[in-house]
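# Structure assessment
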Amino acid sequence: MAFQFTLHVIFMDAQQREYGYMLAGLGTSIAEIFYSESGGAIVLQPQVVSTPVFQQASPAVSPGLLGEVAERHVLNTGEFAQHLGLIIAPRWFKDVDPATSVQWLGVMFDTDTMIADIHFGSGDRRRPRECCAIFTESLNSVAQATGQDLSRLVARTAVHEIGHLFNLKHSIAAQSFMTQTRHITNKVRAFSRFEDHDRLALQMIGQPGFEHVRPGSSEFK
Ligand SMILES: [Zn+2]
């Protein structure tokens, strides 16, 4: 059984479109990775939109602003989330992750768990694990500092955050998409795949015992 999702790739402002040449194929490559890793169980249909209305003086975005963007573009009405959001933003409002001392490259936002003060919609319009964001300015500076290919780092970060939408947890395996940036020792292999238990979860999405994999079904845990 295949589960179809619309993946809304949302550019937050005109500045982000400078990355357009690089990000043009991002949604498609993400969709291909999830399709193959899930054995065809997860079909992501990318839809690229931009929100010039959200141009602002500071490139740093707050949880509230991401919530507004999500509410405008990602609306789920059923029991589960069939619309997923990947917001392309300049920079997170916190410069550095205190736990890791590295810049925030991306976040997944939940109803309560991951970022307590982010809320989008109200009542039954809110769904856990329906949106995430990646930050181009931070990705650019980390890519320059570490000699990584920018488009590869962007794609990997997007796959990592979308992995969280499917309730995948962090890993420390060198080759896993779910390993945090600070643990990546082999930059080439780090891109390559999900670990077996993550791949199994993606393949079994929605099956008995794997209901929690579906975005919107429960909070991240
Ligand atoms: Zn993560």
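Computed from a prediction, not measured in an experiment: that's the story for all the values here.

### A short note on the packing of helix α4 (residues 136–146) against helix α5 (residues 150–165)
Packing of α4 against α5 brings their axes to within 9 Å, and their N-to-C directions diverge by 130°. Put simply, α4 runs oblique to α5. For the pair α4 and α5, the sense of crossing is right-handed. For the pair α4 and α5, the contacting residues are L139, N140, V142 and A143 in the first and L150, L153, V154 and T157 in the second. The residue inventory of the contact of α4 with α5, partitioned by class, reads six nonpolar, two polar and no charged.

### Observations regarding α4
Among the residues of α4, T136, S138 and L139 are the ones counted as buried. Down the axis of α4, the sector holding all buried residues measures 160°, keeping them to one side. Seen from the open side of α4, the exposed residues pointing more than 90 degrees away from its buried face are Q144 and A145. As for α4, its buried residues are in contact with β4 (83–89), β5 (91–92), β7 (131–135) and α5. Phi turns positive, to about 75°, at G147, one or two residues after α4.

### Some thoughts on the confidence of the model for the protein chain
The pLDDT averaged across the protein chain works out to 83; a share of 79% of its residues lies at or above 70. When pLDDT is averaged over each element of the protein chain, helix α6 (residues 196–203) comes out on top at 97 and helix α1 (residues 20–23) at the bottom at 67.

### Some points on the nonpolar core
Side chains that are nonpolar tend, in soluble globular proteins, to be buried together. The biggest cluster of nonpolar side chains holds 49 residues, and the ones touching the most others in it are L86, I87, I88, C132 and I134. The dominant element in this core, judged by the number of residues it contributes, is α5, at seven residues.

### Quick notes on the packing of helix α2 (residues 26–37) against α5
As a packed pair, α2 and α5 sit with axes 10 Å apart at the nearest point and diverge in direction by 55°. Our classification of the angle between α2 and α5 gives oblique. Crossing handedness for the pair α2 and α5: right-handed. Mapping the contact onto sequence places L26, S29, I30 and I33 in α2 and V154, A155, A158, V159 and I162 in α5. Across the contact of α2 with α5, the residue classes break down as eight nonpolar, one polar and no charged.

### Remarks on the environment of L65
Looking at the element boundaries, L65 is found in helix α3 (residues 63–73). For the pair L65 and M12, spaced 53 residues apart in the sequence, the C-alpha separation amounts to 10.0 Å.

### Side note on α2
Compared with an ideal rise of 1.5 Å per residue, which puts 12 residues at 16 Å, α2 spans 17 Å between its outermost C-alpha atoms and is within 8% of the ideal. Among the residues of α2, those classed as buried are L26, I33 and F34. Across the axial projection of α2, the buried residues extend over an arc of 90°, all falling on one side. Along α2, exposed side chains directed more than 90 degrees from the buried face belong to E32 and S36. Trailing α2 by a residue or two, G39 shows a phi angle of about 60°, which is positive.

### A look at the sheet that holds strand β1 (residues 3–11)
Strand order in this open sheet of five strands is β2-β1-β4-β7-β6, and the pairing throughout is mixed. Here the strands that pair on one side only, and so sit at the sheet edges, are β2 (42–50) and β6 (106–109). When strand polarity is set aside, the average angle formed by the axes of neighbouring strands in this sheet is 20°. In this sheet, β2 lies alongside β1 in parallel orientation, the contact comprising nine bridges.

### Topic: the pairing of β6
The side-chain alternation of β6 yields two buried faces, one formed by G106 and M108 and the other by V107 and F109. Pairing between β6 and β7: four bridges, direction antiparallel. Looking across to β7, one finds that V107 is bridged to A133.

Rules used throughout
Residue positions are given per chain, counting from 1 as you read along its sequence in written order. pLDDT decides what is reported in this predicted model: residues at 70 or higher carry local features, side-chain atom pairs at 80 or more are listed and counted, and totals for whole chains, interfaces and linings draw on all residues regardless. With axes taken as lines fitted to C-alpha atoms, and helix axes fitted only over the stretch in contact, angles between N-to-C directions fall between 0 and 180 degrees. Numbering goes from the N terminus for both helices and strands, where a helix is a DSSP run of H or I of at least four residues and a strand is a run of E of at least two. Between 65 and 115 degrees an angle is taken as roughly perpendicular, under 35 as roughly parallel, over 145 as roughly antiparallel, and anywhere else as oblique. Helix crossings get a hand from a simple test, with the near helix turned counterclockwise from the far one by less than a right angle marking a left-handed crossing and a clockwise turn marking a right-handed one. Any residue pair is listed as a contact if its two C-beta atoms, each placed from the backbone, are within 7 Å. Think of it as three bins: nonpolar holds Ala, Val, Leu, Ile, Met, Phe, Trp, Tyr, Cys and Pro, charged holds Asp, Glu, Lys and Arg, and polar takes everything else, Gly as well. Around each residue's C-beta, the other C-beta atoms within 10 Å are counted; 20 or more make the residue buried, 12 or fewer make it exposed, and counts in between make it partly exposed. All C-beta atoms are placed from the backbone. The arc in question is the one spanned by the directions pointing from the helix axis to the C-beta atoms. Scored between 0 and 100, pLDDT is the confidence that the predictor attaches to each residue. Nonpolar cores are identified as sets of buried Ala, Val, Leu, Ile, Met, Phe, Trp, Tyr and Cys residues joined via C-beta atoms within 7 Å. Here a helix's expected span is defined as the number of its residues, less one, multiplied by 1.5 Å. We treat two strands as partners when DSSP finds at least two bridges between them.

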